[in-house]
Amino acid sequence: KASDALPLPLYLTNGIFFTLFFSVAYFLLHRWREKIRSSTPLHVLTLSELAGVICLIASFIYLLGFFGIDFVQSFISKPEADEDHQNFIIQEESKIHCPLPPLPSAGISKAKSDVELPEEDEEVVKCVVSGEIPSYSLESKLGDCFRAAKIRREAVQRQTGRSLEGLPLEGFDYDSILGQCCEMPVGYVQIPVGIVGPLLLNGCEYSVPMATTEGCLVASTNRGCKAIYASGGATCEILRDGMTRAPVVRFQSAKRATELKFFLEDPLNFDTLSVVFNKSSRFARLQEIHCGIAGKNLYIRFSCSTGDAMGMNMVSKGVQNVLDFLRSDFPDMDVIGISGNYCSDKKPAAVNWISGRGKSVVCESVITGDVVSKVLKTSVASLVELNMLKNLAGSAVAGSLGGFNAHAANIVSAIFISTGQDPAQNIESSHCITMMEGINEGRDLHISVTMPSVEVGTVGGGTQLSSQSACLNLIGVKGANKESPGENAQRLAGIVAGAVLAGELSLMSAISAGHLVNSHMKYNRSSRDMS
């Protein structure tokens, strides 16, 4: 390598050749200027000028080898480098043997004949199976995402001896997920989408898409929507809107960590930190900073608005800007990780339950006594008692964290999948407490759901896929809101809460009336012979 020119640390070697190149270039230009003034031929060289030319050429060759060639090769030979790296991994992992259970020969032949390939693709499949071509590099080598998925699928079947028949391949835009949603695809999973509604929320009617394989879920939520509609609708409010990220940094002492904590939480410094943070995006606006300390480790929880995006990448860039800025005043700060789990993302956490993350939403409705008895087939008193003993006391006995509800996660997951949200964020987004109370002398039912951390967006991630985009369009929140950035994402969060309200109302009624088991036996049982 060019960096092996001198047996010195890399930064010293680079420094020597940088200094040599520019010093010699200055010396030769100065000498040639004097020759021009004195009319001396430029090709007549003194010993020092000859040595300078040699040093200039040597340093130029080094710098070209270190920066220029590596830079060009990063574009020209990246696939070959990836291939060498993958071959190394294959050689290392080939020492580990995990034998599959024996398969009947019929199953293997079936796996091999899942798709018909032309001769050219057949050769590529063999190279993938043998390890000559890494599976992950097919898209870049072939330039055709569908063809890459087709070849990868066949290679997987031959390597495992198991068929992927039944997993669809055609009818999907694989170009739309390249570098954004999924790596190394071999097909796509079909999930049915049902529609519930109309959900009457804040005076507007919504038909809500739910992607699920659980029978009764759509029907039950739809019954809840019917009860809400018949009682005049539901109202929803956004309490706060801010995505969080919390890096962990370490100092040599708890005293220094405390000094940074006081600096970050000082209101006099907030404007300066906001300017640094907000440079990351035209939508990112720093809202607050809270710190937690554990010995000499400091956890810094940044919260910011993110427009119509869910905002994890946006807030992470802003946090990185602030960390770089802080190094000037706190050079002894050691950044351990951009996320220290004080955020807290995709994990149940009290900090989200108490302080919120994403959109904090409350949704309520008054269900009349007639609707409770005629549509929900139960009574107000039964619902109130069941909610207290099940959702409140029962969850407390279980030590639940944010789970003071009947099945909020069911509705949240179904809407998340249909609209292209991150399904893993269902964990904190399903934090919910369901409250029920008899009003108007016990004749009517007041029901509410409070959800402190609904994490949704209408741009980025899976929202740009055609199916998910269509579901967002159905409820009128597709893409970014140009007039009022962030309004579409907030409206989607409100719709999620409204649907959860409907789902809670219907399920609790089914349990109260004793209909749950019968309905699931009728609508959630397959009659197909799966043997």
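Just above, that's the structure.
Calculation criteria
- Here the residue index of a chain counts from 1 through its sequence in written order.
- Thresholds applied to this predicted model are a pLDDT of at least 70 for local features of residues and 80 or more for the giving and counting of side-chain atom pairs; totals over whole chains, interfaces and linings are not thresholded and use all residues.
- In computing side-chain values, all of the structure's heavy atoms are included and hydrogens and water are not.
- Numbering goes from the N terminus for both helices and strands, where a helix is a DSSP run of H or I of at least four residues and a strand is a run of E of at least two.
- The classification of residues rests on relative accessible area computed with a 1.4 Å probe and restricted to protein chains. Under 20% of the type maximum is buried, over 50% is exposed, and intermediate values are partly exposed.
- We call two residues contacting when some pair of their heavy atoms lies within 4.5 Å.
- Computed with the Shrake-Rupley method and a 1.4 Å probe, the accessible areas treat only the protein chains shown as cover for residues.
- Whether two strands pair depends on DSSP finding at least two bridges between them.
- Using a grid of 1 Å spacing that covers the protein atoms alone, one calls a set of points a cavity when a 1.4 Å probe fits there but cannot get out, and a pocket when the set is open and has protein on both sides within 12 Å along at least five of seven lines; lining residues are those with an atom within 4 Å of a point.
- Grid points are joined across faces, edges and corners, and a volume is the space filled by probe spheres set on the points.
- Each helix should span, by expectation, one fewer than its residue count multiplied by 1.5 Å.
- Whenever Lys or Arg places a side-chain nitrogen within 4 Å of a carboxyl oxygen from Asp or Glu, that contact is recorded as a salt bridge.
- Gly falls in the polar group here, along with every residue not listed as nonpolar (Ala, Val, Leu, Ile, Met, Phe, Trp, Tyr, Cys, Pro) or charged (Asp, Glu, Lys, Arg).
- All the domain ranges listed were derived from an automatic or database domain assignment.
- What counts as a ring pair is set by centres within 6.5 Å for rings of Phe, Tyr and Trp (its six-membered ring), and what kind of pair is set by the plane angle: stacked under 30 degrees, edge-to-face over 60, tilted for all other angles.
- Polar contact is the term for a pair of N or O atoms within 3.5 Å; when the atoms are in protein, one must be able to donate a hydrogen and the other to accept it, and sequence-neighboring residues count only if both atoms are side-chain atoms.
- What the arc covers is the set of directions going from the helix axis to the C-beta atoms.
- To define a nonpolar core, start from buried Ala, Val, Leu, Ile, Met, Phe, Trp, Tyr and Cys residues and group those joined through side-chain atoms within 4.5 Å.
- Any two cysteine sulfur atoms within 2.5 Å of one another count as a disulfide.

(A) Just the overall build of the chain, in detail. A tally of regular secondary structure across the chain gives 19 helices and 11 strands. Classification of the 531 residues of the chain by burial places 41% in the buried group. Sequence-distant contacts, at least 24 apart, represent 72% of the contacts inside the chain between residues at least 6 apart. In the form shown here, the chain has an accessible surface area of approximately 27,700 Å², with 58% of it arising from carbon and sulfur atoms.

(B) Representation of the pairing of strand E1 (residues 193-201) in the model. Two strands pair when backbone bridges link them, and E1 and strand E2 (residues 204-211) are joined in this way by 7 bridges, in the antiparallel orientation. Across the sheet, Leu200 pairs through a bridge with Glu205, a residue of E2. Linking E1 to E2, which pair antiparallel, is a turn of 2 residues; within it Asn202 sits at a positive phi near 55 degrees.

(C) Main features of empty space enclosed by the protein. What the rule picks out here adds up to 1 cavity of 30 Å³ or more. Its boundaries defined by the atoms lining it, the largest cavity holds a volume of some 40 Å³. As for the largest cavity, its lining consists of Asp241, Met243, Thr306, Met310, Gly358, Lys359, Val454, Glu455 and Val456. At the level of secondary structure, the elements contributing two or more residues to the lining of the largest cavity comprise strand E3 (235-245) and strand E8 (358-367).

(D) Just helix H14 (residues 380-397), in detail. If you check H14, its first and last C-alpha atoms are 24 Å apart, about what 18 residues at 1.5 Å a residue would give, namely 26 Å. For H14, the full list of buried residues reads Val380, Leu383, Leu386, Asn387, Asn391 and Ser395. Buried residues belonging to H14 abut helix H13 (369-374), strand E9 (403-404), strand E10 (432-439), strand E11 (444-454) and helix H18 (487-513). After H14 finishes, the residue Gly399 shows a positive phi value of roughly 70 degrees.

(E) The environment of Gly171, seen in detail. Structurally, Gly171 is set in the loop between helix H7 (145-160) and E1. Accessibility expressed as a relative area gives 76% for Gly171, which makes it exposed.

(F) Structural context of the pattern of salt bridges. Applying the stated criterion across every chain, the model contains 20 salt bridges. Between Glu34 and Arg31 there is a salt bridge; the shortest N-O distance is 3.2 Å. Of this pair, Glu34 and Arg31 both sit in helix H1 (residues 10-37), separated by 3 residues, roughly a single helical turn. Taking relative accessible area as the criterion, Glu34 reaches 33% and is therefore assigned partly exposed. The partner of Glu428 in a salt bridge is Arg357, with the nearest N and O atoms 3.5 Å apart. A residue pair is termed long-range when its members are at least 10 positions apart, and Glu428 in helix H16 (residues 426-429) and Arg357 in the loop between helix H12 (350-355) and E8 qualify at 71 residues. As far as burial versus exposure is concerned, Glu428 and Arg357 are alike and both buried.

(G) Structural context of the layout of surface pockets. Quantified by volume, the largest pocket comes out at close to 870 Å³. Taken together, 30 residues form the lining of the largest pocket, with Phe172, Tyr188, Val189, Leu465 and Gln468 sitting closest to its centre. Of all the elements in the fold, those that place two or more residues in the lining of the largest pocket are helix H15 (408-419) and helix H17 (466-474). Looking at the lining of the largest pocket, the element that brings in the most residues is H17, giving 4 residues. For the lining of the largest pocket, the per-class residue count stands at 16 nonpolar, 13 polar and 1 charged. Shared between two domains, the lining of the largest pocket holds at least three residues of each, these being domain 2 (119-177) and domain 3 (193-241 + 359-524).

(H) Molecular detail of the packing of aromatic side chains. Considering all chains together, one arrives at 11 aromatic pairs under this definition. Ring plane angle 25 degrees and centroid distance 5.3 Å describe the contact between Phe172 and Tyr188, whose orientation is recorded as stacked. Separated by 16 residues along the polypeptide, Phe172 in the loop between H7 and E1 and Tyr188 in the loop between H7 and E1 bring together distant segments of the chain. Note on Phe251 and Phe330: the rings are 6.3 Å apart at their centroids and 75 degrees apart in plane angle, and the pair reads as edge-to-face. Residue Phe251 is found in the loop between strand E4 (248-250) and helix H9 (254-265), and its partner Phe330 is found in the loop between helix H11 (312-326) and strand E7 (334-337); the two are separated by 79 residues along the sequence. Judged by its relative accessible area of 1%, Phe251 is buried. In this structure Phe330 comes out as buried when scored by relative accessible area, which is 6%. By way of ring pairs, the aromatic residues Phe18, Phe21, Phe22 and Phe60 are connected into one cluster.

(I) Examining the side chain of Ser365 more closely. If you trace the backbone, Ser365 turns up in strand E8. A distance of 3.1 Å separates a polar atom in the side chain of Ser365 from the backbone oxygen of Gly233. Leaving out residues up to four positions away in the same chain, Ser365 has contacts with Ile228, Gly233, Ala234, Leu445, His446, Ile447 and Leu501.

(J) A look at helix H10 (residues 267-278). Under the 1.5 Å per step criterion, the end-to-end length of H10 is 17 Å for 12 residues, consistent within 8% with the ideal 16 Å. Those residues of H10 that fall on the buried side of the exposure criterion are Asn269, Leu273, Ser274, Val276 and Phe277. Taken end-on, H10 shows its buried residues confined to a sector of 165 degrees, consistent with a single buried face. Exposed side chains of H10 directed beyond 90 degrees from the buried face belong to Leu268, Asp271 and Val275. Here the buried face of H10 lies against H9, strand E5 (285-294), strand E6 (297-305) and H11. Taking the backbone nitrogen of Leu268 as reference, a side-chain oxygen 3.0 Å away marks Asp266 as the first, capping residue of H10.

(K) Here's a closer look at the nonpolar core. Leu201, Ile228, Cys363, Ile367, Leu445, Val500 and Leu505 are the most contacted members of the largest nonpolar core, which has 50 residues in total. Counting residues per element, this core draws most heavily on H18, which supplies 11 residues. Here Val500 is in contact with Ala408, Ile411, Val412, Cys432, Val449 and Met451, once residues within four sequence places are set aside. Ala284, Ala309, Phe330 and Met333 belong to the second-largest nonpolar core, a separate cluster that totals 27 residues.

(L) Geometry of the side chain of Ser453. With respect to the helices, strands and loops of the structure, Ser453 is situated in strand E11. The residues touching Ser453, leaving out its near neighbours within four places in the chain, are Asn352, Arg357, Lys359, Glu428, Ser429 and His431.

(M) Fine view of the state of the cysteines. With the rule as written, the count across this model stands at 0 disulfides. Cys182 takes part in no disulfide bond, and the closest cysteine sulfur to it belongs to Cys181, at a distance of 8.1 Å. Overall, Cys182 belongs to the partly exposed group, its relative accessible area being 38%. Free cysteine Cys432: the closest other cysteine sulfur is in Cys363, separated by 9.9 Å. A relative accessible area of 0% places Cys432 in the buried class.

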